[in-house]
Amino acid sequence: MTGARRIVVKVGSSSLTTASGGLDADRVDALVDVLAKVRDGGEREVVLVSSGAIAAGLAPLGLVRRPKDLARQQAAASVGQGLLVARYTASFARYGVRVGQVLLTADDTSRRAHYRNAYSTLDKLLEMGAVPVVNENDTVATDEIRFGDNDRLAALVAHLVHADLLVLLSDVDGLYDGPPGTPGASRIAEVTGPDDLAGVTIGSAGKAGVGTGGMVTKVEAARIATAAGVPVVLTSASRAADALAGRDTGTYFHRTGRRSADRLLWLAHASTPQGALTLDDGAVRAVVERRTSLLPAGISAVEGEFSAGDPVELRDLRGTPVARGLVNFDAKEIPQLLGRSTRDLARELGPAYEREVVHRDDLVILVPRLTP
């Protein structure tokens, strides 16, 4: 961990705010003190994925708890995001460090051009010595608020920026084999793979009540990051300095895989399918086993309302999702394509229809290969 040069740190709402809402300046400053020291004059790079926008906007709007309706969540995010970044700007300024706000949605990172732009922005901020402060664009994004999962966002950002380490900070100092604080519960120091968590009961929401994440989302984020080749440390915000110095604290998740194609990780874990295409058995084998593009001839049904470029789910005849991809046609165009060859379609409808419904470069498999 001490050799990690580019580090993504994620901090949750409960580590930055009071239970009633509003930023806790002392907590923010304490975190920034640690991160500024980690940067060590620019030798190490830090990307901060920060929750807290909605929580920070509660008190200023006279809300006593996180609202359940989307409109007030977005209003709170609108007010709180500015307060959150202003607080980080002032705190990092004590060390002569600039910050840059980067607001992302899943759509920004599953589409090819948007993905390249997101990477370029973050990489350039780091190159210029700034600390990117990343959050989901809660003011306008609906699915992101509904999931409320900045842990997953942090895992995907770690992959996006080619990080050497992901640190997930919470109000609990690690993953336990039982409810923390109960007799007999002990901290799990290391996780080398999924088998290490067999039989472990993982809790849900945090106790502070201002965020929506919990240990479940953190373990899932660790699974995503480690499968993509990024090791993960899970600990409490109060022990961030120990974790970043490589001392024994929290839970260390070992890498379980290697880096995959960048956009495909986002497509698999961050996109929300806008519809579904049902594939016949031959098309399933072609897509899953041979990793080919999806052609119109292999599609037997379409559902949902989507536009060209949207993510869609690919299902087998039993309704089981087998893949996800970015579709090249609008939903209303596809019924006339079902079961037909691209050559026939080009002859009847024009050359624009002599192409894949989903190109293999824009497709991720959700099930293992059917044969070795």
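See the structure shown above.
Structure report, in brief. (Residues numbered from 1 in each chain as written. Predicted model: local features only at pLDDT ≥ 70, side-chain atom pairs only at ≥ 80, totals over all residues. Heavy atoms only, no water.)

What follows concerns unusual backbone geometry. Positive phi values are uncommon outside glycine, yet H162 reaches one of about 60°. For H162, the position within the fold is in the loop between α7 (150–160) and β5 (165–170). Positive phi outside glycine occurs at R291, with the angle close to 55°. If you trace the backbone, R291 turns up in the loop between α11 (281–288) and β10 (299–304). (Helix = DSSP H or I, 4+ residues; strand = E, 2+ residues; numbered from the N terminus.)

Turning our attention to the pairing of strand β4 (residues 131–136). Most of β4 is tucked away: six of the six residues are buried. Burial along β4 is two-sided: the residues V131, V133 and N135 and P132, V134 and E136 are all buried. Bridge count for strand β2 (residues 45–50) against β4 is two bridges, and the pairing is parallel. Residue pairing across strands places L48 opposite V133, the latter belonging to β4. Bridge analysis of strand β3 (residues 99–104) against β4 gives six bridges, and the strand direction is parallel. Each residue of the ladder has a partner; that of Q101, found in β4, is V133. (Buried < 20%, exposed > 50% of the residue type's maximum accessible area, 1.4 Å probe, protein only. Pairing = 2+ DSSP bridges.)

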